[in-house]
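Structural characterization, general
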Amino acid sequence: MYPYAGILLFFLSFILISISFFKKLPAPSYIYSALALGVVYLQSNESRNQFLRSIFFRKKFLMVRLIENILCALPFSIFLVVRAEWIMALVLLFSSLLLSRYNKSGFTLTFYIPSPFSKRPYEFTTGFRSMYWLLAIIYCIAGISVYYHNLNLGFVTLLSLYFLCMSFYAHLDPIFYVWIHAKSPENFLKEKIKTAIFYSLFLSLPVFLLLILFNPGQFYQALIVLGVGSGYIMLSVLAVYVNFPARMTISHYFIFYFGILFPPALLFAIPFFYIQATQRLKAYLPC
Amino acid sequence: MLKIKSLSKSYGDHKILSDINLEFHQGEIHGIVGENGAGKTTLFKCVAGLESFDGQVEYDKGILKNETGYLPTIPFYFSNMTGYEYLRLLCNARDIVVNNLDELNLFDLPLKQYAETYSTGMQKKLAITGLLIQKNEVFILDEPFNGVDISSNMMIQDMLQQLKQLHKTIVLSSHIFSSLQDSCDYLHHLSGGKIINSLPRGRFQEIELEMKKAGTHHKIIDSIYLG
């Protein structure tokens, strides 16, 4: 039952987020299509394509990639069609077809992208390096929001920075990377949360300052967005360990998304996740 | 001293380890040998505290986990994490302050590169460097010689002897019998999830003979190629 409930929840969230996207943003079809292409682009991941190449002949491999990309783009295209954005839907599907021919080659980087988060690896260090391009886009949109005096868009970009930071915690920690710490579960979590809040503030502060510089009257609103974002990031950190070493259960997912959609619920969700996470970590951090 | 008492481990109905009893003293190097699937890695994970188990692991110098360095068979590195950052992560995890990691780069690794792009041997060397930087008292090394070049292999052998002189407790496994013969003070033969023989240096040949199987593979290869 759980996988079906998960799929249903996923599609419901997709529809809700898409609707709010079109309500809140200016020129939403362009940003929505760009976002969809970003999701499709993720399918050209190097290691998974190397694996696919190793098990399929070229013709089948290309077919698999084509189907993958179409399946990824389809929900977005359908939504665009529903919004009567026919051309954008077609452009998205066609671009997805083209992207299926683009598969990152297996070359190895002999240089590295400097990260401001190297002092305390690893979520922000690795996340920043894989998502810096998206960060640049978000900063650009923040600039556009100020240029067009669209404060709502500014707030959305501020919050989207936090969503980006949350994505750094979307993986499951390997047990080894928890086990290596000589800390109690409480100290381990506190340090993780501290790092996450500090680094996410570091990324969001330029947008925050930009917004309040051009809209000084909206200081408190911007501060609330910052506070909610920090709550989101705390919840995301705790979500990694709430059912460690396994992924969250369906009830955890429910609480998680409820906290995201209804921020006051964070006041309940964060302590609840914290208590559960400390319990789960005791087996690996017996201090 | 590290003492393993009646350690057993099962995955569902499948018993992996059964009633393991071993003692590892400071300043000794112990080798665990066994075929693929004998349970060496599971035993190491249980002793390190990475897996739950039935039985007891006693350590008389504090919390074992906090003084143990575990080298997995294949170390895992996150994408986009440099060698420097991996070592820094290990230091942060134990609140160890190291000002210049370059000085501790004993294998001359390209620490500015992403660890994920290292060769198998380099990844192993990075993991070993990390274990040393953490100033561990107990070393649990799963296949430390696997994939490393000859000179590094000799260096690791030498390093093990130095750690032994420093009264560290070392447990390792290897499929290269000669490496174990050169390094270990004791060898334990793990088969079918049980320790079937434990012998001191000088009697390792007995275990080597135990491990030599009757040549059933000749028949199978003949049947494949000759019909």
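What this report covers is the structure whose coordinates are included nearby.

Along the backbone of chain A there are 12 helices and 0 strands. When the elements of chain A are put in sequence order from the N terminus, they spell out α-α-α-α-α-α-α-α-α-α-α-α. For 287 residues, the compact-globule estimate of 2.2 N^0.38 gives 19 Å, and chain A sits close to it at 20 Å. Seen along its three principal axes, the alpha-carbon backbone of chain A occupies a region of about 55 × 55 × 45 Å. Per-residue burial for chain A yields a buried fraction of 43% across its 287 residues. Counting only contacts in chain A whose residues sit at least 6 apart along the sequence, the fraction spanning at least 24 positions is 73%. Carbon together with sulfur atoms contributes 73% to the accessible area of chain A, which is approximately 15500 Å² in total. Side chains of chain A carry 21 positive and 7 negative charges; the gap between the two charge centres is 4 Å.

A separate point is the overall build of chain B. Each helix and strand in chain B was counted, giving 7 helices and 9 strands. Here the C-alpha atoms of chain B give a radius of gyration of 19 Å, agreeing with the 17 Å that 2.2 N^0.38 yields for 227 residues. For chain B, buried positions account for 51% of its 227 residues. Within the structure as shown, chain B displays about 10800 Å² of accessible surface, and the carbon and sulfur contribution to it stands at 50%. Charge-centre separation for chain B: the mean point of 22 positive side chains lies 2 Å from the mean point of 27 negative side chains.

What follows is about the sheet that holds strand β4 (residues 54–59) of chain B. Residue and element names in this part refer to chain B. The strand order across the open sheet built from 3 strands is β2-β1-β4, with neighbouring strands paired in antiparallel fashion. Looking along the sheet, the strands with just one partner apiece sit at the ends: β2 (14–24) and β4. Going across the sheet, the axis of each strand differs from the next one's by a mean of 15°, ignoring polarity. When strand β1 (residues 2–11) meets β2, the two strands line up antiparallel, connected through 7 bridges. Residue pairing in the sheet places tyrosine 11 in a bridge with histidine 14 of β2.

Quick look at the interface of chain A and chain B now. Opposite the 30 residues of chain A that make contact, chain B presents 29 residues. Between chain A and chain B the total buried area reaches about 2700 Å² when both faces are included, carbon and sulfur atoms providing 63% of it. Taken together, the links from chain A to chain B amount to 2 salt bridges. Arg129(A) serves as the salt-bridge partner of Glu85(B), at 2.7 Å between the closest nitrogen and oxygen. Our enumeration of links across chain A and chain B arrives at 11 residue pairs in polar contact (both at pLDDT 80 or more). Elements that contribute at least two residues to the side of chain A that touches chain B include exactly α6 (123–147) and α8 (175–179) of chain A. Of the residues that constitute the side of chain A that touches chain B, the class distribution is 18 nonpolar, 8 polar and 4 charged.

Two faces belong to every sheet, and in a regular strand the side chains alternate between them. Residue and element names in this part refer to chain B. Relative to strand β8 (residues 186–191), strand β3 (residues 29–33) runs parallel, the two sharing 4 bridges. Its bridge partner being in β8, glycine 31 is matched across the sheet by leucine 187. Summarising the sheet, β8 and strand β9 (residues 194–200) pair through 6 bridges and their orientation is antiparallel. For leucine 187, the partnering residue across the bridge sits in β9 and is leucine 199. Between β8 and the antiparallel strand that follows it, β9, lie 2 residues; glycine 192 among them carries a positive phi value of about 60°.

It is worth spelling out the packing of α6(A) against helix α7 (residues 151–167) of chain A at this point. To describe two helices that pack against each other, one gives the angle between their axes and the distance between the axes. All names here are of chain A. Across the interface, α6 lies against α7 with an axial gap of 10 Å and an inter-helix angle of 175°. Considering their axes alone, α6 and α7 lie roughly antiparallel with respect to each other. In this structure, α6 contributes Phe124, Met131, Leu134, Leu135, Ile138, Tyr139, Ile141, Ala142 and Ser145 to the contact, and α7 contributes Leu153, Gly154, Thr157, Ser160, Leu161, Leu164, Cys165 and Ser167. Taken together, the residues of the contact of α6 with α7 sort by class into 12 nonpolar, 5 polar and no charged.

Turning our eyes to something else, we now look at the pattern of salt bridges. Residue and element names in this part refer to chain B. Inspection of every chain in the model, using the stated rule, returns 15 salt bridges over all chains. In this structure, lysine 168 and glutamate 137 form a salt bridge, with 3.0 Å as the shortest nitrogen-oxygen distance. Of the two residues, lysine 168 sits in the loop between α4 (150–165) and β7 (169–173) while glutamate 137 sits in the loop between α3 (120–133) and β6 (138–142), which places them 31 residues apart along the sequence. Residue lysine 168 is classed as buried on the basis of its relative accessible area, which comes to 14%. Glutamate 137 gets classed as buried once you look at its relative accessible area, which sits at 19%.

In this section: the environment of Thr73(B). All names here are of chain B. Relative to the helices and strands, threonine 73 is located in the loop between β5 (68–71) and α2 (83–93). When the C-alpha positions of threonine 73 and leucine 141 are compared, they lie 8.0 Å apart, and in sequence the two are 68 residues distant. The contacts of threonine 73, once residues within four sequence positions are left out, are Thr41, Lys124, Asp142 and Glu143.

Residue and element names in this part refer to chain B. With mixed pairing, 6 strands are arranged side by side in an open sheet as β5-β6-β7-β3-β8-β9. Of all strands in the sheet, those bounded by a partner on one side alone are β5 and β9. Geometrically, the sheet is characterised by an average inter-axis angle of 15° between neighbouring strands, direction not taken into account. Relative to β7, α4 is tilted by about 150°, and along the sheet it contacts β3, β6 and β7. On the sheet, helix α6 (residues 204–211) packs against β3, β8 and β9 and is oriented at approximately 145° with respect to β9.

It is worth spelling out helix α1 (residues 40–48) of chain B at this point. Three- or four-residue spacings in an α-helix give side chains the same orientation, since the helix completes a turn every 3.6 residues. Across the 9 residues that make up α1(B), a large majority, 7, are buried. Note on α1(B): the residue one or two positions beyond its end, Gly49(B), has a positive phi of about 95°.

Our focus in this paragraph is α2(B). Across the 11 residues that make up α2(B), a large majority, 10, are buried. All buried positions along α2(B) are accounted for by Gly83(B), Tyr84(B), Glu85(B), Tyr86(B), Leu87(B), Leu89(B), Leu90(B), Cys91(B), Asn92(B) and Ala93(B). Buried residues in α2(B) make contact with α6 and α8 of chain A together with α3 of chain B. Positive backbone phi, at 55°, marks Asp95(B), one or two positions downstream of α2(B).

Basis of the calculations
- Residues numbered from 1 in each chain as written.
- Chains lettered and ligands numbered in written order.
- Predicted model: local features only at pLDDT ≥ 70, side-chain atom pairs only at ≥ 80, totals over all residues.
- Heavy atoms only, no water.
- Helix = DSSP H or I, 4+ residues; strand = E, 2+ residues; numbered from the N terminus.
- Rg over C-alpha atoms; globule rule 2.2 N^0.38 Å.
- Buried < 20%, exposed > 50% of the residue type's maximum accessible area, 1.4 Å probe, protein only.
- Contact = heavy atoms within 4.5 Å.
- Areas by Shrake-Rupley, 256 points an atom, 1.4 Å probe, with all protein chains shown as cover.
- Lys, Arg positive; Asp, Glu negative; His and termini not counted.
- Charge placed at Lys NZ, Arg CZ, Asp CG, Glu CD.
- Pairing = 2+ DSSP bridges.
- Axes fitted to C-alpha atoms, helices over the stretch in contact; angles between N-to-C directions.
- Buried area = accessible area lost by both parts, 1.4 Å probe.
- Salt bridge = Lys/Arg side-chain N within 4 Å of Asp/Glu carboxyl O.
- Polar contact = N/O pair within 3.5 Å; in protein donor to acceptor, adjacent residues only side chain to side chain.
- Nonpolar A, V, L, I, M, F, W, Y, C, P; charged D, E, K, R; others polar.
- Parallel < 35°, antiparallel > 145°, perpendicular 65-115°, else oblique.

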